[in-house]
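# Per-entry structural report
The lines below spell out each chain.
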Amino acid sequence: MPFTNLVCQDGATFFHCRQAAEEGKDYPFARGVHKTVQVPVYSGQGHDRDDHQQFKKRSVEDLKERYYHICAKLANMHAIPDTDLKIPRFDAGHLQRRKEQLKRCPSQASEQVAAEKYPLRKLRQI
(Lines give C-alpha, C1' and ligand atoms only; values in the text may rest on other atoms or scores of the structure.)
Protein backbone atom coordinates (compact mmCIF):
# COMPACT_ATOMS: atom_id res chain seq x y z
CA MET A 1 0.00 0.00 0.00
CA PRO A 2 1.48 3.41 -0.88
CA PHE A 3 1.71 6.14 1.74
CA THR A 4 3.28 9.59 2.09
CA ASN A 5 5.06 10.64 5.22
CA LEU A 6 3.34 13.55 6.93
CA VAL A 7 6.62 15.06 8.11
CA CYS A 8 8.61 14.90 4.87
CA GLN A 9 8.27 17.98 2.71
CA ASP A 10 9.53 16.45 -0.55
CA GLY A 11 6.33 14.51 -1.32
CA ALA A 12 8.10 11.13 -1.49
CA THR A 13 5.84 8.08 -1.70
CA PHE A 14 6.70 4.94 0.28
CA PHE A 15 5.17 1.45 0.32
CA HIS A 16 4.38 -0.97 3.13
CA CYS A 17 2.08 -3.88 3.91
CA ARG A 18 -1.18 -3.21 5.76
CA GLN A 19 -4.42 -4.93 6.51
CA ALA A 20 -7.34 -4.02 4.27
CA ALA A 21 -9.31 -2.69 7.26
CA GLU A 22 -6.66 0.00 7.85
CA GLU A 23 -6.83 1.40 4.33
CA GLY A 24 -7.11 5.18 4.24
CA LYS A 25 -5.82 5.70 7.80
CA ASP A 26 -2.61 7.61 8.56
CA TYR A 27 0.48 5.46 8.92
CA PRO A 28 0.94 5.20 12.73
CA PHE A 29 4.75 5.44 12.70
CA ALA A 30 5.01 8.39 10.32
CA ARG A 31 4.96 11.06 13.01
CA GLY A 32 7.44 9.58 15.49
CA VAL A 33 10.23 8.63 13.10
CA HIS A 34 11.13 11.94 11.48
CA LYS A 35 11.83 14.73 13.90
CA THR A 36 13.06 18.17 13.03
CA VAL A 37 15.83 19.78 15.03
CA GLN A 38 16.32 23.51 15.31
CA VAL A 39 19.99 24.37 14.88
CA PRO A 40 21.11 27.62 16.51
CA VAL A 41 21.90 30.36 14.02
CA TYR A 42 24.81 32.62 14.83
CA SER A 43 25.09 36.19 13.67
CA GLY A 44 27.83 38.76 13.99
CA GLN A 45 25.87 40.48 16.72
CA GLY A 46 24.97 37.48 18.89
CA HIS A 47 27.95 35.17 18.15
CA ASP A 48 30.08 34.19 21.18
CA ARG A 49 33.75 35.10 21.07
CA ASP A 50 36.25 33.40 23.34
CA ASP A 51 38.87 35.51 25.09
CA HIS A 52 42.04 33.45 24.63
CA GLN A 53 44.17 35.87 26.65
CA GLN A 54 42.04 35.65 29.78
CA PHE A 55 41.19 31.93 29.51
CA LYS A 56 44.38 30.29 28.30
CA LYS A 57 43.81 26.76 29.61
CA ARG A 58 40.29 25.31 29.76
CA SER A 59 39.23 21.75 30.26
CA VAL A 60 36.82 19.96 27.97
CA GLU A 61 34.20 20.15 30.70
CA ASP A 62 34.60 23.94 30.92
CA LEU A 63 34.21 24.28 27.15
CA LYS A 64 31.10 22.07 27.13
CA GLU A 65 29.57 24.06 29.99
CA ARG A 66 30.24 27.33 28.14
CA TYR A 67 28.71 25.91 24.93
CA TYR A 68 25.48 24.83 26.67
CA HIS A 69 25.28 28.17 28.49
CA ILE A 70 25.52 30.09 25.18
CA CYS A 71 22.95 27.77 23.53
CA ALA A 72 20.53 28.44 26.39
CA LYS A 73 20.99 32.21 26.00
CA LEU A 74 20.38 32.00 22.24
CA ALA A 75 17.30 29.82 22.76
CA ASN A 76 15.89 32.35 25.21
CA MET A 77 16.62 35.23 22.82
CA HIS A 78 14.90 33.55 19.86
CA ALA A 79 12.09 31.89 21.81
CA ILE A 80 8.49 32.43 20.82
CA PRO A 81 6.56 33.92 23.77
CA ASP A 82 4.43 31.52 25.83
CA THR A 83 6.27 28.41 24.62
CA ASP A 84 7.84 25.75 26.81
CA LEU A 85 11.59 25.67 26.16
CA LYS A 86 13.45 22.42 26.77
CA ILE A 87 16.96 23.71 27.31
CA PRO A 88 19.53 21.01 28.07
CA ARG A 89 21.70 21.65 31.12
CA PHE A 90 25.29 20.57 31.50
CA ASP A 91 26.93 19.88 34.84
CA ALA A 92 30.71 20.02 34.49
CA GLY A 93 31.24 18.85 38.07
CA HIS A 94 29.15 15.73 37.50
CA LEU A 95 31.10 14.86 34.35
CA GLN A 96 34.42 15.38 36.17
CA ARG A 97 33.31 13.08 39.03
CA ARG A 98 32.16 10.46 36.53
CA LYS A 99 35.54 10.54 34.75
CA GLU A 100 37.37 10.15 38.05
CA GLN A 101 35.21 7.13 38.92
CA LEU A 102 35.89 5.67 35.50
CA LYS A 103 39.65 6.02 36.02
CA ARG A 104 39.43 4.09 39.29
CA CYS A 105 37.24 1.34 37.87
CA PRO A 106 39.80 -0.61 35.75
CA SER A 107 42.33 -0.80 38.60
CA GLN A 108 39.69 -2.09 41.00
CA ALA A 109 38.49 -4.59 38.41
CA SER A 110 41.97 -6.06 37.88
CA GLU A 111 42.52 -6.35 41.64
CA GLN A 112 39.13 -7.96 42.01
CA VAL A 113 39.83 -10.48 39.24
CA ALA A 114 43.16 -11.38 40.82
CA ALA A 115 41.49 -11.88 44.19
CA GLU A 116 38.85 -14.13 42.63
CA LYS A 117 41.43 -16.22 40.74
CA TYR A 118 43.52 -16.91 43.85
CA PRO A 119 41.09 -19.44 45.41
CA LEU A 120 40.68 -21.17 42.04
CA ARG A 121 44.45 -21.62 41.76
CA LYS A 122 44.59 -23.03 45.27
CA LEU A 123 41.72 -25.38 44.45
CA ARG A 124 43.55 -26.68 41.36
CA GLN A 125 46.70 -27.24 43.41
CA ILE A 126 44.76 -29.33 45.92
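Values in this document were obtained by computation on a predicted structure and should not be read as measured data. (Residues numbered from 1 in each chain as written. Predicted model: local features only at pLDDT ≥ 70, side-chain atom pairs only at ≥ 80, totals over all residues. Heavy atoms only, no water.)

Bringing the overall build of the protein chain into the picture now. Within the protein chain, the regular secondary structure consists of three helices and two strands. Starting at the N terminus, the α and β elements of the protein chain follow one another as β-β-α-α-α. Considering the protein chain as a whole, with its 126 residues, one finds that 9% of them fall into the buried category. Partitioning the intrachain contacts of the protein chain with sequence separation of at least 6 by distance along the chain shows that 36% fall at a separation of at least 24. If you sum the accessible surface of the protein chain, you get close to 11600 Å²; carbon and sulfur atoms cover 55% of it. (Helix = DSSP H or I, 4+ residues; strand = E, 2+ residues; numbered from the N terminus. Buried < 20%, exposed > 50% of the residue type's maximum accessible area, 1.4 Å probe, protein only. Contact = heavy atoms within 4.5 Å. Areas by Shrake-Rupley, 256 points an atom, 1.4 Å probe, with all protein chains shown as cover.)

A few words on the packing of aromatic side chains. Inspection of the entire model under this criterion finds two aromatic pairs. The interplanar angle of 10° and the centroid separation of 5.5 Å between the aromatic rings of Y68 and F90 together place this pair among those described as stacked. Of this pair, Y68 sits in helix α2 (residues 60-77) while F90 sits in the loop between α2 and α3 (92-125), and the two are 22 residues apart along the sequence. For Y68, a relative accessible area of 30% puts it in the partly exposed group. Looking at F90, the relative accessible area reads 21%, which means it is partly exposed. Here a set of aromatic residues connected by ring pairs shows up, and it is made of Y67, Y68 and F90. (Phe/Tyr/Trp six-rings, centres within 6.5 Å; stacked < 30°, edge-to-face > 60°.)

In total, this model carries two salt bridges according to the counting rule given. Among the ionic pairs, K99 bridges to E61, the shortest N-O distance being 2.7 Å. Placement of the pair is K99 in helix α3 and E61 in helix α2, with a sequence separation of 38 residues. The class of K99 is partly exposed, set by a relative accessible area of 33%. With a relative accessible area of 6%, E61 lands in the buried category. (Salt bridge = Lys/Arg side-chain N within 4 Å of Asp/Glu carboxyl O.)

A few words on α2. When the terminal C-alpha atoms of α2 are compared, their 26 Å separation across 18 residues agrees well with the 26 Å that a helix rising 1.5 Å per residue should span. Inspection of α2 places E61, I70, C71, A72 and L74 among the buried residues, and these make up the whole buried set. (Expected span 1.5 Å × (residues − 1).)

Quick look at the environment of C17 now. If you trace the backbone, C17 turns up in the loop between β2 (13-15) and α1 (30-33). Here the alpha-carbon distance between C17 and M1, two residues 16 residues apart in the chain, equals 5.9 Å.

Chain-level statistics for the protein chain give a pLDDT mean of 77 and a share of 80% at 70 or above. Within the protein chain, α2 carries the highest mean pLDDT (84), whereas α1 carries the lowest (58). (pLDDT = per-residue confidence, 0-100.)

Right, let's talk about a positive patch on the surface for a bit. Taken together, the side chains of K117, R121, K122 and R124 present a region of like positive charge at the surface. Following the sequence through the fold, K122 ends up in helix α3. For K122, a relative accessible area of 36% gives the class partly exposed. (Patch = residues over 30% accessible without salt bridge, like charges linked within 9 Å, V, L, I, M, F, W, Y side chains within 5 Å. Lys, Arg positive; Asp, Glu negative; His and termini not counted. Charge placed at Lys NZ, Arg CZ, Asp CG, Glu CD.)

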